Amino acid sequence: MKTARDLVDFVNASPTPYHCVAEAARRLEAQGFTRVQETDAYGFEAEARRYCVRGDGSLIAWRGGRRAPVDAGFRLVGAHTDSPNLRLKPRPAKSKEGYLLYDVDVYGGVLLATWTDRDLALAGRVMVDVDGRLERHLVRLDAPLARVTNLAIHMDREVNDKGLVLNKHQHLGPIVGLSADGDPRAALYARLAEAVGTSPERIRGHDLCLFDAQPATLGGQDDAFVFAARLDNQAMCHAALTALQVAQAGEQTAVIALFDHEEVGSGTARGADGTFLEDVLLHLAGGAEARSRAIARSALISADMAHAVHPHHPDLHDREHMPRLNAGPVIKTNENQRYATDGETSALFRALCLDAGVGFQEFVNRPDLACGTTIGPISASRLGVRTVDVGNPMLSMHSIREMGGSRDPAAMTTVMAAFLGGAR
Ligand SMILES: [Zn+2]
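Values in this document were obtained by computation on a predicted structure and should not be read as measured data.

### Comments concerning the sheet that holds strand S16 (residues 330-332)
And step 1. Read across the sheet, nine strands follow the order S1-S2-S3-S13-S4-S14-S18-S16-S17 without closing on themselves; strand pairing throughout is mixed. Looking at the sheet topology across the chains shown, the edges are occupied by strand S1 (34-35) and strand S17 (361-363).
And step 2. Here strand S3 (residues 58-63) pairs with strand S13 (residues 253-259) via five bridges, running antiparallel. Paired with arginine 63 across the two strands is alanine 254, which belongs to S13.

Shown next as structure tokens:
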């Protein structure tokens, strides 16, 4: 339960991928990790604790092994920092029918109906012109600021039978206030400027996300559950981070890679289909040939949340591969390689669980239904590394408020820590 409580704190500190990376960096520095810049020349140092950030949304951290990567390989854990949400457009506000609205775009596969009638706050990055230089600032406005408002049922009598249908262009702009004369952006820019200590006319750009103002919490009978936004996939970022901090020093170099942009396909400069991890491993191995030899000795746990069985929809799962909450990590297998798991890598993960006394579960998507995917197959094909796709079970994936078990975070962390420490 201690790990689940710490996960709640981590999620509450991380309303956006940028804040997730900043919180991860803060925790790493408290444990003696130091930051290297991508512009630095750096290489392998035995037992050195380092981390590197790309684009404010992706982070790779490592602890050098006792032996060089070419001789001992890497132990890698991957996860993603981003979650589906609503984001402000470049022209972020407009007036309509006497209301002031934010104008929003949809990031990733948002479960849209869950964003209605929630108290929404705002966080992200603001770019500010300071004496001819562009500075990036994190910003977080915790006050309930905006609301995607439902119609009264009297005006939509069929909604309970037909479901809530929201057009992404027409129906999502949240109400922020009542419109006044002048530029509808003025109040927002004044607030952002105040938050980052500048003046509104110096703001040159922003990446701003709406988030649920209600904090994450443990809940349910006996606190069996975690109720939180962004469990997919901050729960696995938290497990990877905690595992790296507690793992014993091994011969292999332990690496965690937390990527942005998984929810939109990973094909970006800082996504899992970009060069970030390859670049870091090239530095650590000390050259392309050494890296490919190191990779041949390496393995990757790709960690992304998994679908627990839903009590009202058990038929959507394969009966023999039906994960439950608080029953341990889920190994995800798909013969069409939507997951990178194979018999060899799943055996490694099962062996790690058995060694640690941690229960594990199996997930296979019903072959007649479309299967999701994650960073596992992308990292596996970019690096050529043996990979297993795993995740903790959860419900309400991509809802504004998701639900997981409160005992699973510690179980996954234990297994990852054993792996990063070189077990097996
Ligand atoms: Zn995910």
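### Some points on the nonpolar core
Taken as a class, soluble globular proteins show a tendency for nonpolar side chains to be buried jointly.
And step 1. Counting 117 residues, the largest nonpolar core has Ile60, Val77, Ala240, Leu258 and Met416 as the members making the most contacts within it.
And step 2. If you tally residues by element for this core, the top one is helix H6 (residues 231-246), at nine residues.
And step 3. Counting residues domain by domain, this core receives three or more from each of domain 1 (2-83 + 229-420) and domain 2 (85-212).
And step 4. Leave out the neighbours within four places in its chain, and methionine 416 touches Val77, Ala239, Ala240, Ala243 and Ile301.

### Remarks on the sheet that holds strand S20 (residues 402-405)
And step 1. Within the open sheet, the five strands sit side by side as S11-S12-S20-S19-S15. Their pairing is mixed. Taken across any chain shown, the strands that pair with only one partner, and hence form the sheet edges, are strand S11 (217-219) and strand S15 (306-307).
And step 2. With three bridges connecting them, S11 and strand S12 (residues 225-228) associate as antiparallel partners. Looking at the pairing, leucine 218 lines up with valine 226 of S12.
And step 3. In the packing of H6 onto the sheet, contacts are made with S12, strand S19 (393-395) and S20, and the angle to S20 comes to roughly 35°.

### Digging into the packing of helix H7 (residues 276-285) against helix H8 (residues 288-295)
And step 1. Close contact between H7 and H8 brings their axes to 8 Å; oriented N to C, the two are set at 105°. Viewed along their axes, H7 and H8 adopt a mutual orientation that is roughly perpendicular. In contact with Leu281, Leu282 and Ala285 of H7, H8 contributes Ala288, Ala290, Arg291 and Ala294.
And step 2. Partitioning the contact of H7 with H8 into residue classes produces six nonpolar, no polar and one charged.

### As for the pairing of S20
And step 1. Pairing geometry for S12 and S20, over four bridges, is antiparallel. When the sheet's bridge partners are listed, phenylalanine 227 is paired in S20 with methionine 403.
And step 2. Two elements, S19 and S20, share two bridges in a ladder whose sense is antiparallel. Its bridge partner lying in S20, methionine 394 is registered against glycine 404.

### What about unusual backbone geometry?
And step 1. The omega torsion of the bond from aspartate 232 to asparagine 233 falls at 15°, within 30 degrees of zero and hence cis.
And step 2. Within the secondary structure layout, asparagine 233 lies in helix H6.
And step 3. Phi angles above zero are rare outside glycine, and aspartate 223 is one such case at about 50°.
And step 4. Checked against the element boundaries, aspartate 223 lands in the loop between S11 and S12.

### Observations concerning the domain arrangement of the protein
And step 1. Parsing the protein into structural domains produces domain 1 (2-83 + 229-420) and domain 2 (85-212).
And step 2. The partner domain 2 presents 18 residues to the 14 residues of domain 1 that form the contact.

### Thoughts on H8
Owing to its 3.6 residues per turn, the α-helix brings residues three or four apart onto one side.
And step 1. Within the sequence span of H8, burial applies to Arg291, Ala294 and Ile295. Taken end-on, H8 shows its buried residues confined to a sector of 100°, consistent with a single buried face.
And step 2. Of the surrounding secondary structure, the elements contacted by the buried residues of H8 are helix H3 (69-72), strand S4 (74-80), H7 and helix H10 (375-383).

About the thresholds
Residues numbered from 1 in each chain as written. Predicted model: local features only at pLDDT ≥ 70, side-chain atom pairs only at ≥ 80, totals over all residues. Pairing = 2+ DSSP bridges. Helix = DSSP H or I, 4+ residues; strand = E, 2+ residues; numbered from the N terminus. Core = buried A, V, L, I, M, F, W, Y, C linked by C-beta atoms within 7 Å. Buried ≥ 20, exposed ≤ 12 C-beta atoms within 10 Å, placed from the backbone. Domains from an automatic or database assignment. Contact = placed C-beta atoms within 7 Å. Axes fitted to C-alpha atoms, helices over the stretch in contact; angles between N-to-C directions. Parallel < 35°, antiparallel > 145°, perpendicular 65-115°, else oblique. Nonpolar A, V, L, I, M, F, W, Y, C, P; charged D, E, K, R; others polar. Arc of directions from axis to C-beta.

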